[in-house]
Amino acid sequence: MIERQLQPLLHELVGVVLAPTSALGDATGQIRPTGVQGVFHADARVLSRAELRVDDRELEGLTRGDDGPHGARFVSLARWLGDPVPDPTVRVDRLRRATRNGLTEELRVVSTATVAVRATVSIDLGCDLAPIEVVKSGGAAAPLEAKTGQPGVITWSAEGITVTVTGAGADVLASAERVTTPRLAWPVDLPPGGETVLRWHLTVEDPRAVVVGPAGEPDWSRPEVTADDRRLVRLLHRSLDDLRGLRLAETGAPGDVFLGAGVPWFLTLFGRDSLWAARMMLPLGTDLAAGTLRVLARRQGTRVDPATGEAPGKILHELRRHAFALPDNGLRLPPAYYGTVDATMLWVNLLHDAWRWGLPAEQIEPLLPSLEAALRWLGEHADPDGDGLVEYIDTTGHGLSNQGWKDSGDAVRFHDGSLATAPIVLAEVQGYAHEAAVNGAALLDAFGRPGADRWREHAAALARRFRDRFWVDGRYGPQPALALDRDKRPVDSLTSNIGHLLGTGLLTGDEEDQVARLLTTDTLAGGFGLRTMATDDAGFSPLSYHCGSIWTHDTAIVLAGLARAGHRDAALGLAEGLLAAAEGFDYRLPELYGGDDRSLVNRPVPYPAACRPQAWAAASAVLLLQAATGLYPDVPGGTVRLAPLAGAELGALAVSGFRLAGASVDISVDRSGHPTISNLPAPLTQTPTVPTQRHPTATRR
């Protein structure tokens, strides 16, 4: 039998991150030379082994937990040492912390024994500098030979990267048989009841990395939250810690901060992910949005290049130091890859929403040429066959075959399970395009630029085409198709994609009501959130990447759209699913998890290769908090609307430290659902709050 090379599992691994550095090890703290374990810097594994032993024996793991936003503590026992009694008398605490350019570990050996303890503590190390895509594909790289010289110092060098490990007071063992597995060793002599602390640290010099860690603290606010539902508070705190660790900047432009997509596979600039995460974070300030917009504007496409997917005005999909290749499935992406159908519209929509939240005009005006270029892409390059709908196709044979957010090769499937053939016209992308045209027109008008009427007409025509082409008769009444295929046939599976249409303006009020009804069926909403595909579609699998799993950000986006449109009960149902999932994942929500029914499994099932932490999953906590308070600002228009989810079902809630037009704003919602806002900056005024609950009913077309 030929053994398949499989993507390694990571759901049981413990991670620490301070971008661009991350580390993954097992539950006892060991970093073993297997799977995806290791210390990563940008897109290279800079340490493939860090195994702790005492007297050349492994410790017995007891527990582990977080230690600050970028650290983890592992507690283990050395039961063969100390007093010969049932209670353990020698324990080792291993404190691991990620740094911007490496890692530190502190080994605290504590004895409560009545006798002296003598032992040797050691760390076995290894370095392979495997590219992240090799690790992701289940491959391996040969371990590098270590170099020694100064006492307690080990180095490895290759591909322009230099990795240095320093262990103060340690002996270095790196003889011939240990040249690829060098050891740091410390002799330990403890008196009765004594303890000692040993330290080693890893530093990385990587001048060719395309991303760096920004200096200083995050520019966004960290609000104080009190809530009847404490899960919301815990989720927010953990998510903000993770988001702090995911901040990145481009090499050469450290002032423009964005969020790296996720650990371990995607800790770099991703157009779609970074844009969505920044959009979700707007209640905490506009600085992250501004940095993300500027970074992507600098790399906006200027020419037509089928090899990279670039086109004039198009926004980048992802950035790497070298080509990203997964040989098993034929994928080979260039270092700067533009194979995304939606990032350009999402860039426009982030610029618009940041403006509504108070991004100053002096930061918007330099981005207006990029706005106009993005709109030209929408009008001139997004619709190759000229039918008025936005579509995509990979013409290279080694790019992404699907270029929406569901970008796996089998993501676009008919109800019978068969795959759609490209070019593909995705439903939610038409919504993003409609929203971008309307939002772009508003910005052009506000800043005295020509062309707004053209884009309003473009949006109206797109809505008509969508209404004519996408609606089909489904199992629960009329529904928007997931997509149109090469022959413009509606792909008739029922998926979460339709939830992204809410609030884009593409649908009428009655159509939004019907979409809300579809989203609340048990086939989509019966798990811990919103399934990506309905359970009665033939392609459904609860552990399919995009055909039945639950994605945190997807659920949050749809939840927020339902809340804003007045579908309170539907939004509350998804909010409860997310909060229950958060509890099951120790409040670090992963990229995605299983779509199993809540009646069958009483906790969310991990998706074994999901990124965790992941930017738009962590930022979903902020979007959930915004929906709970119901804060919807229009700073240019001088108004703020409040329509909270919090109240009788979700409980009372108070938030101090939302940021609006640069000012700190406080919001409270009592158990009856009545909101109060204070510190609203002049000249903003609150519009009257009218609680609404839309009750969707089926409509026919």
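Presented here is an overview of the structure given in this document. (Residues numbered from 1 in each chain as written. Predicted model: local features only at pLDDT ≥ 70, side-chain atom pairs only at ≥ 80, totals over all residues. Heavy atoms only, no water.)

## Some words on the pairing of strand S5 (residues 49-54)
In step 1: Counted residue by residue, S5 has five buried out of six residues, so it is predominantly covered.
In step 2: Relative to strand S10 (residues 117-126), S5 is paired through six bridges, and the arrangement is antiparallel. Looking at the pairing, Val-54 lines up with Val-121 of S10. (Buried < 20%, exposed > 50% of the residue type's maximum accessible area, 1.4 Å probe, protein only. Helix = DSSP H or I, 4+ residues; strand = E, 2+ residues; numbered from the N terminus. Pairing = 2+ DSSP bridges.)

## Topic: the layout of surface pockets
In step 1: Computed from the structure, the largest pocket encloses a volume of approximately 1200 Å³.
In step 2: Along the wall of the largest pocket there are 43 residues; nearest its centre are Gln-7, Lys-136, Leu-326, Asn-329 and Tyr-545.
In step 3: Its residues assigned to classes, the lining of the largest pocket shows 19 nonpolar, 14 polar and 10 charged.
In step 4: One number sums up the size of the second largest pocket: a volume of about 820 Å³.
In step 5: At the level of secondary structure, the elements contributing two or more residues to the lining of the second largest pocket comprise helix H3 (271-280), helix H5 (343-356), helix H8 (427-446), helix H12 (552-564), helix H14 (615-629) and strand S32 (631-634).
In step 6: With five residues, the top contributor of residues to the lining of the second largest pocket is H8.
In step 7: Along the lines of polarity and charge, the residues of the lining of the second largest pocket split into 15 nonpolar, 10 polar and seven charged. (1 Å grid on protein atoms, 1.4 Å probe; cavity = no way out; pocket = protein on both sides within 12 Å on 5 of 7 lines; lining within 4 Å. Points joined across faces, edges and corners; volume = space filled by probe spheres on them. Nonpolar A, V, L, I, M, F, W, Y, C, P; charged D, E, K, R; others polar.)

## Section: empty space enclosed by the protein
In step 1: Within the structure shown, the criterion is met by three cavities of 30 Å³ or more.
In step 2: Thr-28, Gln-30, Leu-52, Glu-58, Leu-59, Phe-74, Ser-76, Val-92 and Arg-94 together form the lining of the largest cavity.
In step 3: Secondary-structure elements contributing two or more residues to the lining of the largest cavity are strand S7 (71-77) and strand S8 (90-99).
In step 4: Residue composition of the lining of the largest cavity, grouped by class: four nonpolar, three polar and two charged.
In step 5: Here the second largest cavity is characterised by a volume of approximately 40 Å³.
In step 6: The wall of the second largest cavity is formed by Val-54, Leu-81, Val-90, Val-92, Val-109, Val-117, Ala-119, Val-121, Val-188 and Leu-190.
In step 7: Elements supplying a minimum of two residues to the lining of the second largest cavity: S8, S10 and strand S15 (183-190).
In step 8: Taken together, the residues of the lining of the second largest cavity break down into 10 nonpolar, no polar and no charged.

## Brief notes about the packing of aromatic side chains
In step 1: In this structure the tally under the stated criterion is nine aromatic pairs.
In step 2: With a centroid separation of 5.3 Å and 70 degrees between ring planes, the pair formed by Phe-266 and Phe-270 is classed as edge-to-face. Both residues of the pair, Phe-266 and Phe-270, belong to the buried class.
In step 3: When the centroid spacing of 5.1 Å and the interplanar angle of 70 degrees are considered together, the rings of Trp-405 and Trp-551 count as edge-to-face. Here the residue Trp-405 occupies a position in the loop between helix H7 (368-380) and strand S25 (425-426), and Trp-551 occupies one in strand S30 (residues 550-551), the gap between them amounting to 146 residues. Per residue, the accessibility class of Trp-405 equals that of Trp-551, and both read buried.
In step 4: Joined through ring pairs, the aromatic side chains of Trp-405, Tyr-545, Trp-551, Tyr-607 and Trp-616 make up one cluster.
In step 5: Against the face of Trp-80 rests Arg-57, its NZ or CZ located 4.1 Å from the ring centre. (Phe/Tyr/Trp six-rings, centres within 6.5 Å; stacked < 30°, edge-to-face > 60°. Lys NZ or Arg CZ within 6 Å of the ring centre and 35° of its normal.)

## Thoughts on unusual backbone geometry
In step 1: Looking along the chain, the bond that leaves Val-263 and enters Pro-264 is cis, with omega of 0 degrees.
In step 2: Here Pro-264 shows up in the loop between strand S20 (253-259) and H3.
In step 3: Looking along the chain, the bond that leaves Ala-682 and enters Pro-683 is cis, with omega of 5 degrees.
In step 4: Structurally, the position occupied by Pro-683 is in the loop between strand S36 (675-678) and strand S37 (685-686).
In step 5: The backbone of Leu-129 sits at a positive phi, close to 50 degrees, despite the residue not being glycine.
In step 6: Within the fold, Leu-129 resides in the loop between S10 and helix H1 (132-136).
In step 7: Given the relative accessible area of 11%, Leu-129 is considered buried.

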